[in-house]
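# Examination of the molecular architecture
Below, each chain spelled out in residue letters.
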Amino acid sequence: MTAIPLDYETLRLIWWALLGILLIGFAVMGGMDLGMGTLLPFVARTDEERRVVLNLAGPTWEGNQVWLVLGGGAIFAAWPAVYAASFSGFYLAMIAILLALILRPVGFKFRGKVNDPRWRAVWDWALFVGGFVPSLVFGVAVGNLFLGVPFRLDETLRASYEGNFFLLLTPFALLTGLVSLSMLVTQGATVIAARTEGAIAARARRYGQWAAAATIALFIVGGLVTLFLLTGFKVTSIQDMFGPSNPLGKSVVLEQGAWRNNYAAMPWTLLAPCFALLGSLIAYLALGLKAKVLGILGSSLAIFGIISTAGLSLFPFLMPSSVDPASSLTVWDASSSQMTLFIMLCATVLFLPIILGYTAWVYRVMRGPVTTQSLNRNPNAY
């Protein structure tokens, strides 16, 4: 281990931060597509208008999915215990997300195959479901992390789940789901408003302002409930930040208001919720002022702030257990080995800039407004 230039604690912190960056990347990039899909039946009223919206997302949505794949891969390789417990516990929720996401490529490819209004309307609503369901369920999953997930570990560290899908749909989890939904709808609306013209852009600005205002209100309510009403989790034993991963080697208690401990200990973490509120406010004002780029930047800042707020509030917990708090998974006891984390970090340093460069190049090529006239000139348009 002495040959590894970074110690175990540092590598664990880096991969905790990288996981957050990948989730933020997916929410920013993939959130454009999810938000546009959710808004499709509302901002576009005619077939031509809906084709305009579809061709905003069509050329880039597959590339944006890379961030979701990277996030899942990071959990699998860097936090295998979290992957095992979450993918088994949230099995039906994951299936619902996957089925909804499957509707998106099918909808893009099949919608234009038959020139029948009823056929196209079916796929339009399928694309709506493909945007709405993941946007909501991702937030519901985060809400359940704050409440604790009903799983426990046996002496061999094998996870067993003691809940069901409907137990995930608590009022607080649905509240966080609505925060996620409104956040991603705002992101989609800012893109539609920036890259379309006329009635579509006007409707996108209106719906986007509603979504941004809802994001602010729901985020404040959710934050107050989390900080002052929820029973949080607190590690009461000393954890070895350099030691091997063993989630059962600690003691955890439930404590009222524990989720605000990090903000008291590290006041700089208050910047995250400030970014969330500031970004949503900027998006709201920019949509009203028709400031195209500023709206996208504001919405992206809000996404950064909201996800960072969740991660910083939970730290060091990755997946608390509501039925056996000692089985909770943390940054210090649920990671892969030091060597695995280091090799993965080297691969990330090599390939992540390539992905960022390719993404920037694609968006540069696809820049500019999408109109019915531009679609008529493009034989490959959806």
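Here the structure is a predicted model, which is why all the values come from computation and not from measurement. (Residues numbered from 1 in each chain as written. Predicted model: local features only at pLDDT ≥ 70, side-chain atom pairs only at ≥ 80, totals over all residues. Heavy atoms only, no water.)

## Some thoughts on the overall build of the protein
Definition in use: Secondary structure elements follow DSSP: runs of H or I no shorter than four residues count as helices, runs of E no shorter than two count as strands, and numbering proceeds from the N terminus. With the radius of gyration taken over C-alpha atoms, the globule rule is written as 2.2 Å times the number of residues to the power 0.38. Residue exposure (1.4 Å probe, protein chains only): buried if accessible area is under 20% of the type maximum, exposed if over 50%, otherwise partly exposed.
Secondary structure assignment for the protein yields 13 helices and six strands. What you see for the protein is a C-alpha radius of gyration of 21 Å, in line with the 21 Å of a compact globule of 382 residues. Each of the three principal axes of the protein carries a C-alpha extent, and together these read 65 × 45 × 35 Å. Within the protein, the proportion of its 382 residues that are buried is 49%.

## As for the confidence of the model for the protein
In plain terms, the rule: The predictor's confidence in any single residue is recorded as pLDDT, a number from 0 to 100.
Mean pLDDT over the protein works out to 89, with 98% of the residues at or above the 70 mark. Mean pLDDT across the secondary structure elements of the protein bottoms out at helix α13 (residues 372-376), with 72, and peaks at helix α10 (residues 271-289), with 96.

## What about the pattern of salt bridges?
Operational definition: Salt-bridge detection follows one rule: a side-chain nitrogen of Lys or Arg within 4 Å of a carboxyl oxygen of Asp or Glu.
Overall, the coordinates contain eleven salt bridges when judged by the stated rule. Of the charged contacts, one joins Arg111 and Asp124 as a salt bridge, the two residues approaching to 2.5 Å between their closest N and O atoms. Taken together, the residues Arg111 in the loop between α5 (91-110) and α6 (117-147) and Asp124 in helix α6 connect sequence positions 13 residues apart. Its salt-bridge partner being Arg158, residue Asp154 comes within 3.3 Å of it at the nearest N-O pair. Of the residues examined, Arg158 reaches a relative accessible area of 59% and is grouped as exposed. Several salt bridges converge on common partners, so that one network encompasses Asp47, Arg50, Arg111, Arg120 and Asp124.

## A few points about the environment of Asn144
Put simply, the rule reads: By the criterion applied in these results, polar contacts are pairs of N or O atoms within 3.5 Å in which, for protein atoms, one can donate a hydrogen and the other can accept it, and in which residues neighboring in sequence qualify only through two side-chain atoms.
As for its position among the elements, Asn144 is in helix α6. Counting along the chain gives 124 residues from Asn144 to Trp268, while the straight-line C-alpha distance between them is 25 Å. Here the side chain of Asn144 touches Leu168 through a polar contact of 3.0 Å, landing on its backbone oxygen.

## Re unusual backbone geometry
Going from Phe315 to Pro316, the amide bond is cis rather than trans, its omega being 5 degrees. With respect to the helices, strands and loops of the structure, Pro316 is situated in the loop between α11 (292-314) and β5 (317-319). Not every positive phi belongs to a glycine, and Leu157 is a case in point at roughly 65 degrees. Turning to its location among the elements, Leu157 is positioned in the loop between β1 (151-153) and β2 (159-161). Classification of Leu157 as partly exposed rests on a relative accessible area of 36%. In this model, Lys290 sits at a positive phi of 60 degrees, which is unusual for a non-glycine residue. Residue placement: Lys290 occurs in the loop between α10 and α11.

## What to know about the packing of helix α7 (residues 171-195) against α11
Defined as follows: An axis is simply a line fitted to the C-alpha atoms; with a helix, the fit covers only the stretch in contact. Between two such axes, the angle follows the N-to-C directions and lies from 0 to 180 degrees. Any angle that is under 35 degrees is reported as roughly parallel, and any over 145 degrees as roughly antiparallel; angles of 65 to 115 degrees are reported as roughly perpendicular and all others as oblique. Each crossing gets its handedness from the near helix: less than a right angle anticlockwise from the far helix is left-handed, clockwise is right-handed. Any two residues whose heavy atoms approach within 4.5 Å at even a single point are treated as in contact. Lys, Arg, Asp and Glu make up the charged group, whereas Ala, Val, Leu, Ile, Met, Phe, Trp, Tyr, Cys and Pro make up the nonpolar group; the residues left over, Gly among them, are polar.
The geometry of α7 relative to α11 is characterised by a closest axis approach of 8 Å and an angle of 160 degrees between their N-to-C directions. Taken together, the axis directions place α7 and α11 in an arrangement best described as roughly antiparallel. For the pair α7 and α11, the crossing hand works out as left-handed. Along its contact with α7, which presents Val179, Met183, Leu184, Thr186, Gln187, Thr190, Val191, Ala193 and Ala194, the element α11 presents Lys292, Gly295, Ile296, Ser299, Ser300, Ile303 and Ile306. Tallied by class, residues from the contact of α7 with α11 come to nine nonpolar, six polar and one charged.

## Side note on α7
Because each turn of an α-helix spans 3.6 residues, side chains separated by three or four positions end up pointing in the same direction. Put simply, the test is: Given the number of residues in a helix, its expected span is that number minus one, multiplied by 1.5 Å.
Look at α7: 36 Å from first C-alpha to last across 25 residues, which is about the 36 Å you get at 1.5 Å a residue. Counting buried positions over the 25 residues of α7 gives 22, a clear majority of the element.

## Some points on helix α2 (residues 47-57)
Where burial is concerned, most of α2 is hidden: nine out of the eleven residues are buried. What α2 keeps buried is the set Glu49, Arg50, Arg51, Val52, Val53, Leu54, Asn55, Leu56 and Ala57.

## Description of the side chain of Arg195
Threshold: Positive charges are assigned to Lys and Arg, negative charges to Asp and Glu, while His and the chain termini are left out of the count.
Tracing the backbone shows Arg195 in helix α7. The buried charged residue Arg195 lacks any salt bridge partner; its closest oppositely charged side chain belongs to Asp33, at an N-O distance of 8.4 Å. Not counting residues within four places of it along the chain, the set of residues in contact with Arg195 comprises Leu56, Met366, Arg367, Gly368, Pro369 and Val370.

## A word on the nonpolar core
Going by this rule: Definition of nonpolar core: a set of buried residues of the types Ala, Val, Leu, Ile, Met, Phe, Trp, Tyr and Cys, connected through side-chain atoms within 4.5 Å.
Grouped together as the largest cluster of nonpolar side chains are 85 residues, with contacts concentrated most on Trp15, Met36, Val53, Trp79, Ile192 and Leu329. Per-element tally for this core: the top contributor is helix α1 (residues 8-43), with 17 residues. Apart from the residues within four sequence positions on either side, Trp79 is in contact with Arg12, Trp15, Trp16, Leu19, Ala74, Leu318, Thr330, Val331, Ala334, Ser335 and Ser336.

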